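Now for the letters of each chain:
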Amino acid sequence: MAKLKLGAIEDEKPVRLTVELPAAVHRDLVAYGQSLGRETGQSAVEPTKLIAPMLARFMATDRAFARGRKTPAE
């Protein structure tokens with residue numbers, strides 16, 4: 001099995017945010033949480049715990065976003 005992009009999920013104080021997801025995305029998050037649980041030797045990770053680390057990982061690896069953050073606003 002290929003290594004997943006996310007590692008163990010850290011427990012931090014959350015900020016409440018309400019989002020609506022397509023059913024297919026939710027199913028994929030459930031499956032990802034199960035895979036991550038198996039890979040890390042933990043129980044399945046709830047989809048709500050996956051969203052923030054996935055978004056953070058996405059933004060951290062988006063080169064255009066990183067360049068834009070380094071450039072001062074005009």
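Our structure is the block above this text.
Residues numbered from 1 in each chain as written. Predicted model: local features only at pLDDT ≥ 70, side-chain atom pairs only at ≥ 80, totals over all residues. Heavy atoms only, no water.

One number sums up the size of the largest pocket: a volume of about 860 Å³. If you go around the largest pocket, you meet 23 residues; those closest to its centre are P14, V15, T48, K49 and A52. A per-class count over the lining of the largest pocket returns 14 nonpolar, three polar and six charged. (1 Å grid on protein atoms, 1.4 Å probe; cavity = no way out; pocket = protein on both sides within 12 Å on 5 of 7 lines; lining within 4 Å. Points joined across faces, edges and corners; volume = space filled by probe spheres on them. Nonpolar A, V, L, I, M, F, W, Y, C, P; charged D, E, K, R; others polar.)

Taking 1.5 Å per residue as the helical rise, helix α1 (residues 23-40) with its 18 residues ought to reach 26 Å, and the 26 Å between its terminal C-alpha atoms agrees with that figure. Regarding α1, the residues found buried are L29, Y32, G33, S35, L36 and G37. Just beyond α1, the residue with positive phi is G41, at close to 75 degrees. (Helix = DSSP H or I, 4+ residues; strand = E, 2+ residues; numbered from the N terminus. Expected span 1.5 Å × (residues − 1). Buried < 20%, exposed > 50% of the residue type's maximum accessible area, 1.4 Å probe, protein only.)

A cluster of nonpolar residues, L17, V19, L21 and V25, forms a patch on the protein surface that exposes about 360 Å² of accessible area. With respect to the helices and strands, V25 occurs in helix α1. Overall, V25 belongs to the partly exposed group, its relative accessible area being 36%. (Patch = residues over 30% accessible without salt bridge, like charges linked within 9 Å, V, L, I, M, F, W, Y side chains within 5 Å. Areas by Shrake-Rupley, 256 points an atom, 1.4 Å probe, with all protein chains shown as cover. Salt bridge = Lys/Arg side-chain N within 4 Å of Asp/Glu carboxyl O.)

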